[in-house]
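So you can see what is in the structure, the chains are spelled out below.
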Amino acid sequence: MNVRPTISDLALNAGKKARLFRILFQHGLCNGTGLFLPYDQGLEHGPRDFFANPDATDPGYIARLAVEGGFNGVVLHVGLAEKFCWDFAGEVPLILKLNGKTEIPSDAEALSPVTATVADAVRLGAVAVGYTLYVGSPAQAADIGQYLRIREDASRLGMPLIVWAYPRGAAIEAKGGKDSFYAVDYAARVASELGADMVKVNFPHPEKRSGVPAAYDTDFSAQQAMDAVVRSANRTLVLVSGGERAGDDAMLEKARQSAEAGATGLIFGRNVWQRGHDESLKLVTKLQEILVKYPGQSIESFASRHGSFGEKMFLSS
């Protein structure tokens, strides 16, 4: 197992550190791990994602599910955040997604335009912001330019920055595909190199080897691939995406291997809210049972490493 990076390892300013502490130690299992509920798919995929569970069309339903499930955070775009964050303010942290696109155009030159600002996140009481970066897209120069401005604002305003590091484009498809070990590993490293505090990645598939560089064209287990992705992210905290809905056994094994590799947490959306209410909460409980076995930095350790600042945060929890 990799040594999981902690908040103390990140050399963050006080605002970022306080918000990350709130996310990882004052919500969810409060043990330095995280389980997040993304609800940005309505923009990214359209209403079809809600057909499996029509209740999920209602953001209020998602807010209640996030509270009942004890999530560490819920991810919303700005329009839904402005209308619904008051339903769960103070009970579940808000992560504001700052860019996004529809699925209607081809992903050949994928670029998610900016739709909100870090200042919007501060106004809405968010604890972090999210940005989708399409690694390998022909539009990546413009993408990184957008990202640079977001990163500067996030640093200035003390807001943790979570990068959705998603490989896209024809060059990626020619080298194993967007969820190959090569692509996911590269994306994790790019996010770290560009200053992400957390990175959201897909679970890597080492069996997808067509066209990949020679170093990746060999037999790796899924666990070895996930271990490598966490190492590539180094001191950027890793969140592993659930992706499209799959069976319970597959999702629980993905969660176990991610935690074993040293990932900080899981960010499962469709695999949670595409199920009925009770089935969703049963899966959440099983996921939390895995995360509780892989705790991160303890609150006491955080307090001891940060002097009076850490002691005050410890006492406030």
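Please read these numbers as outputs of a predicted model, since none were measured by experiment.

A. Representation of the overall build of the chain. Assigned secondary structure in the chain consists of 14 helices and eight strands. In terms of C-alpha radius of gyration, the chain reaches 18 Å, essentially the compact-globule figure of 20 Å for 317 residues. When its C-alpha atoms are laid out on the principal axes, the chain stretches across 55 × 40 × 40 Å. For the chain, the residues scored as buried account for 57% of the 317 residues in total. Restricting the contact set of the chain to residue pairs at least 6 apart, pairs at least 24 apart contribute 73%. If you sum the accessible surface of the chain, you get close to 12800 Å²; carbon and sulfur atoms cover 53% of it. The average position of the 33 basic charges and that of the 36 acidic charges among the side chains of the chain differ by 4 Å.

B. Spotlight on the environment of E193. Summarising the element assignment, E193 is placed in helix 8 (residues 181-193). Its relative accessible area of 55% is what places E193 among the exposed residues. Separated by 39 residues in sequence, E193 and S232 place their C-alpha atoms 9.7 Å apart.

C. Looking closely at the pairing of strand 7 (residues 237-241). Of all five residues in strand 7, five are buried, a share of seventy percent or more. With burial as the criterion, each face of strand 7 is covered, one bearing L237, L239 and S241 and the other bearing V238 and V240. Relative to strand 7, strand 6 (residues 198-201) is paired through four bridges, and the arrangement is parallel. If you follow K200 over to strand 7, its bridge partner there is L239. Between strand 6 and its parallel partner strand 7, the chain crosses via helix 9 (residues 222-233), and the hand of that crossover is right-handed. In this structure, strand 7 lies alongside strand 8 (residues 265-267), joined through three bridges in parallel fashion. Within strand 8, the position partnered with S241 by the bridge is I267.

D. Representation of the packing of aromatic side chains within the structure. This structure, assessed with the given rule, holds nine aromatic pairs. With centroids separated by 5.4 Å and ring planes inclined at 45°, the aromatic side chains of F50 and W273 adopt a geometry described as tilted. Here W273 lies in helix 11 (residues 270-273) and F50 lies in the loop between helix 2 (41-44) and helix 3 (59-69), a separation of 223 residues in the sequence. Accessibility classification places F50 together with W273 in one group, the buried group.

E. Focus on the sheet that holds strand 6. Reading around the barrel, the eight strands line up as 1-2-3-4-5-6-7-8 and close back on themselves, with parallel pairing between neighbours. Sheet twist, expressed as the average angle between the axes of neighbouring strands with direction ignored, equals 25°. Bridging between strand 4 (residues 128-135) and strand 5 (residues 161-167) involves seven bridges; their strand directions are parallel. Residue L133 lies in a different strand from strand 5, and its bridge partner there is A165.

F. Representation of the environment of Q288 within the structure. When you line up the elements, Q288 lands in helix 12 (residues 277-291). Residue classification places Q288 among the buried positions, given a relative accessible area of 16%. Apart from residues no more than four positions distant in its own chain, Q288 is found in contact with L29, L35, G69 and G70. At 2.9 Å, the side chain of Q288 forms a polar contact with the backbone oxygen of G69.

G. Structural view of the environment of R156. On the secondary structure map, R156 appears in helix 6 (residues 140-156). Owing to a relative accessible area of 59%, R156 belongs among the exposed residues under this scheme. For the pair R156 and G136, spaced 20 residues apart in sequence, the C-alpha to C-alpha distance is 28 Å. At a separation of 3.0 Å, a polar atom in the side chain of R156 contacts the side chain of D153.

H. The nonpolar core, seen in detail. Membership of the largest hydrophobic core comes to 75 residues, with the highest contact counts inside it found for L96 and V238. By residue number, the principal contributor to this core is helix 8, which donates seven residues. When residues no more than four places from it in sequence are discounted, the contact partners of V238 are V199, V201, M226, V230, A233, A263, T264 and G265. With 22 residues, the next largest nonpolar core counts L12, I23, Y134 and W164 among its residues.

I. Here's a closer look at the packing of helix 9 against helix 10 (residues 248-261). Direction vectors running N to C along helix 9 and helix 10 enclose 45°, while the axes themselves pass 8 Å from each other. The angle between helix 9 and helix 10 falls in the class oblique. Handedness of the crossing formed by helix 9 with helix 10: right-handed. Contacts from A222, Q223, M226, D227 and V230 in helix 9 reach R256, Q257, S258, E260 and A261 in helix 10. Residue composition of the contact of helix 9 with helix 10, by class: four nonpolar, three polar and three charged.

Cut-offs applied
- Residues numbered from 1 in each chain as written.
- Predicted model: local features only at pLDDT ≥ 70, side-chain atom pairs only at ≥ 80, totals over all residues.
- Heavy atoms only, no water.
- Helix = DSSP H or I, 4+ residues; strand = E, 2+ residues; numbered from the N terminus.
- Rg over C-alpha atoms; globule rule 2.2 N^0.38 Å.
- Buried < 20%, exposed > 50% of the residue type's maximum accessible area, 1.4 Å probe, protein only.
- Contact = heavy atoms within 4.5 Å.
- Areas by Shrake-Rupley, 256 points an atom, 1.4 Å probe, with all protein chains shown as cover.
- Lys, Arg positive; Asp, Glu negative; His and termini not counted.
- Charge placed at Lys NZ, Arg CZ, Asp CG, Glu CD.
- Pairing = 2+ DSSP bridges.
- Right-handed = clockwise from strand over helix to strand, strands pointing away.
- Phe/Tyr/Trp six-rings, centres within 6.5 Å; stacked < 30°, edge-to-face > 60°.
- Axes fitted to C-alpha atoms, helices over the stretch in contact; angles between N-to-C directions.
- Polar contact = N/O pair within 3.5 Å; in protein donor to acceptor, adjacent residues only side chain to side chain.
- Core = buried A, V, L, I, M, F, W, Y, C linked by side-chain atoms within 4.5 Å.
- Parallel < 35°, antiparallel > 145°, perpendicular 65-115°, else oblique.
- Left-handed = near helix turned anticlockwise from the far one by under 90°.
- Nonpolar A, V, L, I, M, F, W, Y, C, P; charged D, E, K, R; others polar.

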